[in-house]
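# Structure at a glance
Listed here are the chains, written in short residue letters.
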Amino acid sequence: MALCLVIPLQAQGATLPLLGDGSDMSASAERRLGDRIIRELYRDPDFVDDPVLTDYVQGVWQPLLASARARGDLTPELDERFAWRIVLGRDRSVNAFALPGGYFGVHLGLLAVVSSRDELASVLGHELSHVTQRHISRLISRSNQQTPWMIGAMILGALAASKNPDAGNAMIVGGQALSAQSQLNFSRDMEREADRIGFGVMTQAGFEALGFVGMFDKLQQASRLNDSGAYPYLRSHPLTTERIADMQSRLPLGASHGADVLPGSTHAMLTARARVLSGAGGDALRGWLAQADDVGLSGQAAAQRAGVLYGAAMAASRMRDVAQARKQFARLQKLALDDPEAVRQVRWLGLEIELAARDLPRPQVLALAGNAGLDLSKPTGVLRRPELVLQAQLAMQAGQSQVLDQVAQNLQGWLLGQPNDALVWQWLASIYAAQNQSLRALRAEAEARVAQLDYAGALDRLKAAQERLRDIGASGSRADHIDASIIDTRRRQIEVLVKEQAQES
């Protein structure tokens, strides 16, 4: 997804005497505008929901949200009304962005260059603070002569333009939208406030203050190299000596202002994953294998070697070269990894490689799951999202009734707390279909579409379920009749949402 920040340029010299929530735009109106924009982004073929990277980003994001709540930066009203969702884009440019209504985006290119969780936290904390301080809604309110539709079209046009300038220009409708775009620019005061509050949010969340300065150092070096477009974050958040000096002054007394950060094994492997997913062309994938076979690799630090071997194993798997993937994975396993999380990441990659091979006999599938701590025949306690998705994939290959039942229960348990997880709903639909539970499968497919705000698509799935019910007729079981009642109620609810969407268009 070739995305730019919602605010692609900074207003030169623009100032606001009062920051914080002075917006005329209600939180509900801003959320509706954000919903309209994110609905289009979910349809973008470059939108990516990789469970491993999403789990990593959420591990940074959730502590930041908790910190903002504890500090009072995120008010209960805003917390309830906004989405607070992050989407990942398969784009190699270094960028992150905030949308109206509490939606945020991160390019895989950003994940590929940050040296630590602390540096990622500095970017996300900054973007979070733009939203909690209502900077976006204040700027939209300054364009109150524009309709929400016009503003939404302008923002989508700016996002599309980074991928295809002609398409972007077509989406920016007329001079009015261009005028609105020129007004949607963060002021220098807003940038400084987002730095200050974001710094407080990230440090109170337990991240190292050096992460902020380290990220500034990366951006400053890029700006000196005459940014060629790989760093759109520089254009939307141009560095100033005041911003850099302010962040450096906030470091603890005596702390280094420019220490190089050496990533640990976990971070090095996840950085490699982001690079593989964002540059999936054949030449890029083969490049990973060349790096793994380079004689100079043995002279690098263990974490760096782990990153290269992880990337090589994953790249070989994506090229369908199972033997090469297994070879590089075996080399990766022999490294003395530095923490249990790194061991877990390696284990997950091994399961992905074997699942992609698709040549495993059923007993071997069950043995793989057991060795990875994902016993498919009984409850396995609290699972992280990558484990849950891997478990679903393993269950589909195993194909045993008991296994499918247990994994369906695990998926349902997750969805009780995460009802907007479209990917997990889709896997639940697949499990139900494998069990010949067509009604439940169609309803789960509908919920997957609801999670991505595709209410028309959800309604289509629910109508298909009702047609299936008519085919079943009086011969249906008691469970079918219970499902019928749920589907009927859900259809009425979704029809209301479809009408509301049509009215907003």
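Overview of the structure. (Residues numbered from 1 in each chain as written. Predicted model: local features only at pLDDT ≥ 70, side-chain atom pairs only at ≥ 80, totals over all residues. Heavy atoms only, no water.)

Below, the discussion takes up the overall build of the chain. In terms of regular secondary structure, the chain is built from 25 helices and 4 strands. Within the chain, the proportion of its 505 residues that are buried is 53%. Taking the contacts inside the chain whose residues are at least 6 apart along the sequence as the reference set, 72% of them involve residues at least 24 apart. Carbon and sulfur atoms form 50% of the exposed surface of the chain, whose accessible area is close to 21800 Å². (Helix = DSSP H or I, 4+ residues; strand = E, 2+ residues; numbered from the N terminus. Buried < 20%, exposed > 50% of the residue type's maximum accessible area, 1.4 Å probe, protein only. Contact = heavy atoms within 4.5 Å. Areas by Shrake-Rupley, 256 points an atom, 1.4 Å probe, with all protein chains shown as cover.)

What the rule picks out here adds up to 26 salt bridges. Across the pair arginine 344 and glutamate 341 runs a salt bridge whose closest N-O atoms are separated by 2.6 Å. Taken together, the positions of arginine 344 and glutamate 341, both in helix α18 (residues 340–357) and 3 residues apart, correspond to about one turn of that helix. Linked through salt bridges whose partners overlap, the residues forming this network are Asp55, Glu341, Arg344 and Arg384. (Salt bridge = Lys/Arg side-chain N within 4 Å of Asp/Glu carboxyl O.)

With that out of the way, let us pick up the packing of aromatic side chains. One pass over the structure, following the stated rule, counts 6 aromatic pairs. Taking 6.0 Å as the distance between ring centres and 45° as the angle between the ring planes, the aromatic pair formed by phenylalanine 199 and phenylalanine 212 counts as tilted. In this pair, phenylalanine 199 is assigned in helix α10 (residues 188–204) and phenylalanine 212 in helix α11 (residues 210–224), connecting sequence segments 13 residues apart. An aromatic cluster of at least three residues, connected via ring pairs, comprises Trp61, Phe82, Trp84 and Phe104. (Phe/Tyr/Trp six-rings, centres within 6.5 Å; stacked < 30°, edge-to-face > 60°.)

It is worth spelling out unusual backbone geometry at this point. With phi around 55°, tryptophan 84 is a residue other than glycine that occupies positive phi space. Note that tryptophan 84 resides in the loop between α3 (76–81) and β2 (85–89). The residue asparagine 436 is not glycine, and still its phi comes out positive at about 65°. Summarising the element assignment, asparagine 436 is placed in the loop between α22 (422–434) and α23 (438–451). Among the residues examined, asparagine 436 registers a relative accessible area of 70% and is labelled exposed.

On to the pairing of strand β3 (residues 96–99), then. Of the two faces of β3, the one holding Ala96 and Ala98 and the one holding Phe97 and Leu99 are both buried throughout. As judged from the 4 bridges shared by β3 and strand β4 (residues 103–107), these two strands associate in the antiparallel manner. Residue leucine 99 lies in a different strand from β4, and its bridge partner there is tyrosine 103. Between β3 and β4, which pair antiparallel and follow one another directly, the connecting turn spans 3 residues, one of which, glycine 101, has a positive phi of 85°. (Pairing = 2+ DSSP bridges.)

So, about the nonpolar core. In this structure, Leu64, Trp84 and Leu332 are the most contacted members of the largest nonpolar core, which totals 141 residues. The contacts of leucine 64, once residues within four sequence positions are left out, are Ala121, Leu124, Gly125, Leu128, Val201, Met202, Ala205 and Phe207. (Core = buried A, V, L, I, M, F, W, Y, C linked by side-chain atoms within 4.5 Å.)

What follows is about the environment of alanine 446. Within the secondary structure, alanine 446 sits in helix α23. Separated by 12 residues in sequence, alanine 446 and alanine 458 have C-alpha atoms that sit 4.1 Å apart. Residues in contact with alanine 446, not counting those within four places in the same chain, are Ala458, Arg461 and Leu462.

Next up on the list: empty space enclosed by the protein. Applying the stated rule across the entire model yields 2 cavities of 30 Å³ or more. What the largest cavity holds in volume is close to 70 Å³. Along its surface, the largest cavity is lined by Ser122, Val123, His126, Asp195, Phe212, Met215, Phe216, Leu219, Tyr233, His237 and Arg243. Per element, the largest residue contribution to the lining of the largest cavity is 4 residues, and it comes from α11. Of the residues contributing to the lining of the largest cavity, the split by class is 6 nonpolar, 3 polar and 2 charged. (1 Å grid on protein atoms, 1.4 Å probe; cavity = no way out; pocket = protein on both sides within 12 Å on 5 of 7 lines; lining within 4 Å. Points joined across faces, edges and corners; volume = space filled by probe spheres on them. Nonpolar A, V, L, I, M, F, W, Y, C, P; charged D, E, K, R; others polar.)

With that out of the way, let us pick up the sheet that holds β2. Reading across from one edge, β1-β2-β4-β3 is the order of the 4 strands in this open sheet, with mixed pairing throughout. The open sheet has two free edges, formed respectively by β1 (47–48) and β3, since each of these has just one partner strand.

For α22, which comprises 13 residues, the first-to-last C-alpha distance of 19 Å matches the rise-based estimate of 18 Å (1.5 Å per residue) to within 8%. Contact partners of the buried residues in α22: α20 (385–398), α21 (401–417) and α23. For α22, the capping residue at the N-terminal end is aspartate 421, with a side-chain oxygen 3.3 Å from the backbone nitrogen of leucine 423. In the stretch just after α22, asparagine 436 is the one whose phi turns positive, near 65°. (Expected span 1.5 Å × (residues − 1). Polar contact = N/O pair within 3.5 Å; in protein donor to acceptor, adjacent residues only side chain to side chain.)

With that out of the way, let us pick up the pairing of β2. Where burial is concerned, most of β2 is hidden: 5 out of the 5 residues are buried. Neither face of β2 is open: one carries Arg85, Val87 and Gly89, the other Ile86 and Leu88, and all of them are buried. Note: β1 against β2, 2 bridges, orientation antiparallel. Following the sheet pairing, phenylalanine 47 is matched in β2 by glycine 89.

The next thing to look at is the packing of helix α2 (residues 51–71) against helix α14 (residues 265–278). Viewed as axis vectors pointing N to C, α2 and α14 meet at an angle of 130°, and their least axial separation amounts to 10 Å. Taken together, the axes of α2 and α14 are oblique relative to one another. The way α2 lies across α14 gives a crossing that is left-handed. For the pair α2 and α14, contact is made by Val52, Leu53 and Tyr56 and by His267, Leu270, Arg273, Ala274 and Leu277, respectively. (Axes fitted to C-alpha atoms, helices over the stretch in contact; angles between N-to-C directions. Parallel < 35°, antiparallel > 145°, perpendicular 65-115°, else oblique. Left-handed = near helix turned anticlockwise from the far one by under 90°.)

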